[in-house]
Amino acid sequence: MEPEFWIKRWETGDIGFHRDEVQAGLSEFWPQIAQNTETRVFVPLCGKSLDMRWLAARGHSVLGVELSAQAVEAFFENERLEPEVRREESFSVYSAGPFEIWCGDLFQLPEGVLENVSYFYDRASLVALPPDMRAKYARRLGEVLKPEVSGLLVSLSYNPAEMSGPPFSVSKVEVEKLFGDRFAIDLLSERDALAGNANLIKRGLTGLVETCYRLR
């Protein structure tokens, strides 16, 4: 689970986690999260997600963080945008239109970068991380986000005996343990998600639950 793991996944095209449609929970629940659309949204481990386009279409500016330069460049190519690229510490920062993506290690992101963020959206970050890194990630979010920031968290849970992550199974109990000391957690939905994940069925899963939370 070192950075090279994810960079290699992009290089080899092993990106079953990428979706060619907007995440259903985002379109359903985001209006409950963000009353003000002319604001900046933080999207950690963003890849080339179409969810960023969806957020921008509703008036948000998007601040993403992604390890793979290949993923970042693919996103801007898909959006038909020519980004400006600058260096900030250990990051290459790509920006064009409403999008700014910091290419580098999420855990090294300078704190000031998130100063103007009003919301965050996590569809694939928490479940991409093994247990020790999940704890570090949750703690980091609580430290660098302003107290008034809220967000949408999408998690997955399944029988870990059937498959080793990523994506990892993160139960409601673990979400509460990880975020409960710094965030108020509202359960928004639980739904069967197995049918839409053929790649995970091939890996042995017989059950998969997708859970959406509002974190405030």
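The rules behind these values
Residues numbered from 1 in each chain as written. Predicted model: local features only at pLDDT ≥ 70, side-chain atom pairs only at ≥ 80, totals over all residues. Heavy atoms only, no water. Pairing = 2+ DSSP bridges. Helix = DSSP H or I, 4+ residues; strand = E, 2+ residues; numbered from the N terminus. Axes fitted to C-alpha atoms, helices over the stretch in contact; angles between N-to-C directions. Contact = heavy atoms within 4.5 Å. Buried < 20%, exposed > 50% of the residue type's maximum accessible area, 1.4 Å probe, protein only. Arc of directions from axis to C-beta. Polar contact = N/O pair within 3.5 Å; in protein donor to acceptor, adjacent residues only side chain to side chain. Core = buried A, V, L, I, M, F, W, Y, C linked by side-chain atoms within 4.5 Å.

### What to know about the sheet that holds strand 2 (residues 61-66)
- Spatial ordering of the open sheet is given by 3-4-5-2-1-6-7-9-8, a layout of 9 strands whose pairing is mixed. At either margin of the open sheet sits one strand with a lone partner, and together these are strand 3 (84-88) and strand 8 (185-192). Averaged over all pairs of adjacent strands, the angle between strand axes in this sheet comes to 20°, irrespective of strand direction.
- Where strand 2 and strand 5 (residues 99-103) come together, 5 bridges link them in parallel fashion. The partner of Val-65 across the bridge, within strand 5, is Trp-102.
- Packing of helix 4 (residues 69-78) onto the sheet brings it into contact with strand 2, strand 4 (91-96) and strand 5, and relative to strand 5 it is tilted by some 165°.

### What about helix 2 (residues 24-33)?
- Of all the positions in helix 2, only Gly-25, Leu-26, Phe-29, Trp-30 and Ile-33 are classed as buried. The buried residues of helix 2 occupy one face: seen down the axis, they fall within an arc of 130°.
- Among the structural elements, strand 1 (40-44), helix 3 (51-57), strand 6 (117-122), strand 7 (150-157), strand 8 and strand 9 (209-215) are those in contact with the buried residues of helix 2.
- If you check the start of helix 2, you find a side-chain oxygen 2.6 Å away from the backbone N of Gly-25, and it comes from Gln-23.

### Looking at unusual backbone geometry
- Here the amide bond leading from Gly-165 into Pro-166 is cis, since omega sits at 0°, within 30 degrees of zero.
- With respect to the element layout, Pro-166 can be found in the loop between strand 7 and helix 6 (172-179).
- Cis geometry is found at the peptide bond from Pro-166 to Pro-167, where omega equals -5°.
- Structurally, the position occupied by Pro-167 is in the loop between strand 7 and helix 6.
- You will see that Glu-89, though not glycine, has its phi angle at about 55°, which is positive.

### Observations concerning the side chain of Ser-155
- Tracing the backbone shows Ser-155 in strand 7.
- According to the relative accessible area criterion, Ser-155 is buried, its value standing at 1%.
- One polar contact links the side chain of Ser-155 to the main-chain carbonyl oxygen of Val-170, over a distance of 3.0 Å.
- Setting aside residues no more than four positions away along its own chain, Ser-155 makes contact with Val-127, Val-170, Val-175, Val-209, Glu-210, Thr-211 and Tyr-213.

### Details of the nonpolar core
- Among the nonpolar cores identified, the biggest contains 38 residues, and Phe-42, Leu-145 and Phe-179 are the most heavily contacted of them.
- Counting residues per element, the ones that place at least two in this core are strand 2, strand 4, strand 6, helix 5 (131-144), strand 7, helix 6 and strand 9.
- For this core, the leading source of residues is helix 5, giving 4 residues.
- In contact with Leu-145, not counting residues within four places along its chain, are Phe-42, Leu-114, Val-117 and Phe-120.
- Of all hydrophobic cores here, the second largest spans 26 residues; its members include Met-52, Phe-75, Cys-103 and Tyr-119.

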